[in-house]
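Structural description and commentary
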Amino acid sequence: MGKKQHSKDQLYLTNSESSAQVGRKQSNFHIPYKTLPFDCCAISFRPFETPMCTADGVVFDLLNIVPYLKKFRRHPVTGAPLAATDLIRLQFHKNGDGKYHCPVTFKVFNQHTHIVAVRQTGNVYAYDAVRELNIKAKCMRDLLDDTPFARADVITIQDPSDGSAREIERFSHVKEDLSAAAVRKDDNVRHSDATSRVMSQLTKGAPSSSAAASSSAAPKASSSSAAAPSSSAAPPK
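No experiment lies behind these values; they were computed from the predicted model shown. (Residues numbered from 1 in each chain as written. Predicted model: local features only at pLDDT ≥ 70, side-chain atom pairs only at ≥ 80, totals over all residues. Heavy atoms only, no water.)

1. Concerning the overall build of the chain
What counts is decided by this rule: Only DSSP runs of H or I with at least four residues qualify as helices, and only runs of E with at least two residues qualify as strands; both kinds are numbered from the N terminus onward. Burial classification: accessible surface area is computed with a 1.4 Å probe over protein chains only, and a residue below 20% of its type maximum counts as buried, one above 50% as exposed, and the rest as partly exposed. Every residue pair with non-hydrogen atoms within 4.5 Å of one another is taken to be in contact. For accessible areas, the Shrake-Rupley method is used with a probe of radius 1.4 Å. Any residue's cover is judged against the shown protein chains and nothing else.
Looking only at helices and strands, one finds eight helices and eight strands in the chain. Within the chain, the proportion of its 237 residues that are buried is 35%. Sequence-distant contacts in the chain: of pairs separated by 6 or more residues, those separated by 24 or more amount to 53%. Accessible surface, the chain as shown: approximately 14,100 Å² in total, 52% of it carbon and sulfur.

2. Observations regarding the packing of aromatic side chains
Within a pair of aromatic rings, the relevant descriptors are the distance that separates the centres and the angle that separates the planes. Our working rule: Think of it this way: a Phe, Tyr or Trp ring, Trp meaning its six-membered ring, pairs with another when their centres are within 6.5 Å, and the plane angle makes it stacked under 30 degrees, edge-to-face over 60, tilted otherwise.
Scanning all chains against the criterion turns up seven aromatic pairs. With 6.3 Å between their ring centres and 75 degrees between their planes, F38 and Y100 make a pair best called edge-to-face. In this pair, F38 is assigned in the loop between α2 (15-22) and β1 (51-53) and Y100 in strand β5 (residues 100-101), connecting sequence segments 62 residues apart. For the pair F38 and Y100, one class covers both residues: buried.

3. Some points on the pattern of salt bridges
As a reminder, the rule being used: Criterion for a salt bridge: a side-chain nitrogen of Lys or Arg within 4 Å of a carboxyl oxygen of Asp or Glu.
Considering all chains together, one arrives at eight salt bridges under this definition. The shortest N-O distance in the salt bridge between E176 and R74 comes to 2.9 Å. Taken together, the positions of E176 in the loop between α5 (172-175) and α6 (180-186) and R74 in the loop between α3 (62-72) and β3 (88-89) put the pair 102 residues apart, joining distant regions of the chain. Judged by its relative accessible area of 40%, E176 falls in the partly exposed class. One salt bridge in this structure joins R131 and D128, with 3.3 Å as the shortest N-O distance. Remark: D128 and R131 occur in helix α4 (residues 127-135); sequence separation between them is three residues, near one turn of the helix. The partly exposed category is assigned to R131, whose relative accessible area is 29%.

4. Brief notes about the sheet that holds strand β8 (residues 154-158)
To keep things clear, this is the line we draw: Criterion used throughout: strands pair if DSSP finds at least two bridges between them. As a rule, the C-alpha atoms of each element are fitted with a line to give its axis, helices using only the stretch in contact, and angles between N-to-C directions run from 0 to 180 degrees.
Read across the open sheet, the three strands follow the order β7-β6-β8; overall the sheet is antiparallel. The sheet is open, and its two borders are formed by β7 (124-126) and β8, each paired with just one other strand. Strand after strand, the sheet turns through a mean of 35 degrees between neighbouring axes, direction not considered. In this structure, strand β6 (residues 115-118) lies alongside β7, joined through three bridges in antiparallel fashion. Counted as the bridge partner of A117 is V124 from β7. Strand contacts of α4: β6, β7 and β8, with the helix running at about 85 degrees to β7, the strand carrying the most contacts.

These values are about where atoms sit, not about what they do.
Spelled out as structure tokens, the structure:
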């Protein structure tokens, strides 16, 4: 008793359910959830490492969205035209336990949290903090770095009262059976080159210290190696 009802309460789709609901044959990739978790890429359905989002709040991992846009030039979820320069780099914050949380209220994020980001900075907050300290207080400045922004610049990452936008079976790339692995396999440009170009357009500031150190170290190494034979050469007789 109750065993048949269990399948209706599960948080993920089985292969048979996903094929039936999406209306297509066996997919090239498994759909692990009905609704995408806030901390997962909307292409791979895996936890993101370098989160990027669109103006409508859909989050992708940089290493997945770059090759997808190079190949299809459209939004993986809505199917609308999309360019890499339209992406916004998100700044998620973690607590001491490694959990994503609001850097102002320290509220740990979960599937029930209303999560938003500020377009200009990419800083991610619980909506409660922005509502109380920005909107109601009529002080539209980023709560961490004081960058000014408008009400329209608040991007909803997750709204627990409306999960329809995060239903995976509705995603454009799912309906068309386009997996992240297939995109990467067909991509003729190295990921390192592609992501570097995108990041240089999306972020401001100097290159990372590690990159600068490696580039500056190379000439020194070559010059020292070239100078070694002359210093060790025997004097003429």
